[in-house]
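Coordinates in review
Residue strings, one per chain:
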Amino acid sequence: MFSPDELAALLQQFSQRRIAVLGDFFLDKYLEIDPLLAEPSLETGRTAHQVVEVRRAPGAAGTVVNNLAALGAGELRALGAVGDDGEAYDLCQALARLGCSTDGLLRCPELMTPTYLKPRDVGVPGLLGEHSRYDTKNRKPLPAEITERLMRAVEEVLPHVDALIIMDQVEIPDCGVVTTRLREQLAVLAERSPRVLFWADSRRHIRQFRNTYIKPNQFEAVGRINPLPGDEVTLRDLEGAIGELRAATGRPVFVTCGDRGMLVSDPEVTLVPGVQVPAPIDPTGAGDSATAGAVLSLTCGATPPQAALVGNLVASVTVRQLGTTGVASPPQVLEAFEYWRQQHPASR
């Protein structure tokens, strides 16, 4: 599929790619808590947890930007809508540090900036250290005027990018940035803009995209909501679902299948095996990191199976970073490729 030199040459081309990310930008806000400093509140007697450090990072669509930046993408643009609040300031500052333009990230006083507030015990790795999370989301339909402003922003940016990644994170219908109306208009723009790669990832609405590459996970592909830990969809069931999705969207379909790898339809269904990674792992953001690797590869001329392999390699690096949403650098991708070649000698 690749030689090490061919993969290295592909990764070097990433610096020439221009990518826009449209969708639900969240702020990931980590509160590092020292349990030894806990004290009772003088007013209520309840435990007052003591925060000793605050970490902020772009989340949801911002996770994709984070991974694109780590892989060396040349130009990044954020398109979306956030509040006019402190969380928006923190989010834009974090994106700017990644070299991502926030000119297309609309400040809207009527919205809250979506935020994942993640308290965790300092020094305790992985899920063991995490407290309950607090989520801030907009739970009313996005005003139509904001959707129209976003459409104008997309039309303005398309001549200047190689790919548009659409991240549809919010599950409540029409309460996130990617509304039904926006999906319909994006399908029209995708058909009119064959030079630009349109790629979509959606937790609940993947079947509403047209003329667009899509990347559901195995459960989203078959419409299974809230799978239990350890659940798995058979490859036979996935192949049938992928055929339907491929016919509907008119573009290749990429389905992530956990440690089994990624299924690609172009239109023949191919399983690209993943890297087997020892526990412990943290799968948070793995699909977003796979998106970053796959889209950059496609815009550099990789075939869909080659792009899926790069996505697998990137995700195998990020899942090993516990207690944070990880990223992968090109040297780490090359190292993961050597592990993959050892695990799958027949694929060399």
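The structure contained in this document is the topic of the report that follows. Please read these numbers as outputs of a predicted model, since none were measured by experiment.

Calculation notes
- Residues numbered from 1 in each chain as written.
- Predicted model: local features only at pLDDT ≥ 70, side-chain atom pairs only at ≥ 80, totals over all residues.
- Heavy atoms only, no water.
- Helix = DSSP H or I, 4+ residues; strand = E, 2+ residues; numbered from the N terminus.
- Rg over C-alpha atoms; globule rule 2.2 N^0.38 Å.
- Buried < 20%, exposed > 50% of the residue type's maximum accessible area, 1.4 Å probe, protein only.
- Contact = heavy atoms within 4.5 Å.
- Salt bridge = Lys/Arg side-chain N within 4 Å of Asp/Glu carboxyl O.
- Expected span 1.5 Å × (residues − 1).
- Pairing = 2+ DSSP bridges.
- Axes fitted to C-alpha atoms, helices over the stretch in contact; angles between N-to-C directions.
- Phe/Tyr/Trp six-rings, centres within 6.5 Å; stacked < 30°, edge-to-face > 60°.
- Lys NZ or Arg CZ within 6 Å of the ring centre and 35° of its normal.
- Patch = residues over 30% accessible without salt bridge, like charges linked within 9 Å, V, L, I, M, F, W, Y side chains within 5 Å.
- Areas by Shrake-Rupley, 256 points an atom, 1.4 Å probe, with all protein chains shown as cover.
- Polar contact = N/O pair within 3.5 Å; in protein donor to acceptor, adjacent residues only side chain to side chain.
- Core = buried A, V, L, I, M, F, W, Y, C linked by side-chain atoms within 4.5 Å.

The helix and strand tally for the protein chain stands at ten helices and 15 strands. Computed over its C-alpha atoms, the radius of gyration of the protein chain comes to 20 Å, within 12% of the 20 Å expected for a compact globule of 348 residues. Considered along the principal axes of its C-alpha atoms, the protein chain spans approximately 65 × 50 × 35 Å. The buried share of the protein chain, reckoned over its 348 residues, is 52%. The long-range share in the protein chain, meaning contacts at least 24 apart out of those at least 6 apart in sequence, stands at 70%.

Before going further, it helps to examine the pattern of salt bridges. For the coordinates displayed, the defined rule picks out 19 salt bridges. One salt bridge in this structure joins aspartate 162 and arginine 18, with 3.5 Å as the shortest N-O distance. With aspartate 162 in the loop between α4 (144-157) and β10 (163-168) and arginine 18 in strand β1 (residues 18-23), the pair connects residues that are 144 residues apart, well separated along the chain. Residue classification places aspartate 162 among the buried positions, given a relative accessible area of 13%. The exposure class assigned to arginine 18 is partly exposed, which follows from its relative accessible area of 26%. Overlapping salt bridges, with partners in common, bring together Arg17, Arg18, Asp162 and Arg195 in one network.

In a regular helix each residue adds 1.5 Å, so 13 residues correspond to 18 Å; helix α5 (residues 180-192) covers 19 Å between its end C-alpha atoms and thus fits that length. Residues of α5 that are buried: Leu182, Arg183, Leu186, Ala187, Leu189 and Ala190.

What follows deals with the sheet that holds strand β9 (residues 134-136). Across the sheet, which stays open at both edges, the four strands sit in the order β5-β2-β8-β9 with mixed pairing between neighbours. Each edge of the open sheet carries a strand with a single partner, namely β5 (51-60) and β9. Within the sheet, the average angular offset between the axes of one strand and its neighbour, ignoring direction, is 20 degrees. Across three bridges, the pairing between strand β8 (residues 115-121) and β9 is antiparallel. Paired with threonine 115 across the two strands is threonine 136, which belongs to β9. On the sheet, helix α2 (residues 61-70) packs against β2 (25-33) and β5 and is oriented at approximately 90 degrees with respect to β5.

Throughout the structure, instances matching the rule amount to six aromatic pairs. In this structure an aromatic cluster arises from ring pairing among Phe2, Phe337 and Trp340. Lying across the ring of tyrosine 116, arginine 133 places its NZ or CZ 4.1 Å from the centre.

Nonpolar side chains collect at one region of the surface, where Leu37, Val52 and Val122 lie side by side and expose about 220 Å² of accessible area between them. For leucine 37, the position within the fold is in the loop between β2 and β3 (39-40).

Tracing the backbone through its elements, the reader meets glutamine 218 in helix α6 (residues 218-222). Through-space distance from the C-alpha of glutamine 218 to that of leucine 105 is 31 Å; in sequence the pair is 113 residues apart. Residues contacting glutamine 218, with those up to four places away along its chain left out, are Asp231, Glu232, Val233, Leu238, Val255, Thr256, Cys257, Gly258 and Arg260. A polar atom in the side chain of glutamine 218 sits 3.0 Å from the backbone nitrogen of valine 233. Within the structure, glutamine 218 has its side chain in polar contact with the side chain of arginine 260 (distance 2.6 Å).

In this structure, Leu7, Val21, Phe25, Leu68, Ile165, Phe254 and Leu313 are the most contacted members of the largest nonpolar core, which totals 58 residues. By residue number, the principal contributor to this core is helix α9 (residues 304-318), which donates eight residues. Here valine 21 is in contact with Ala61, Val64, Val65, Leu68, Arg77, Ala78, Leu79, Ile165 and Met167, once residues within four sequence places are set aside. In terms of nonpolar packing, the next biggest core, distinct from the first, is built from 40 residues, Ile146, Leu245, Val253 and Cys257 among them.

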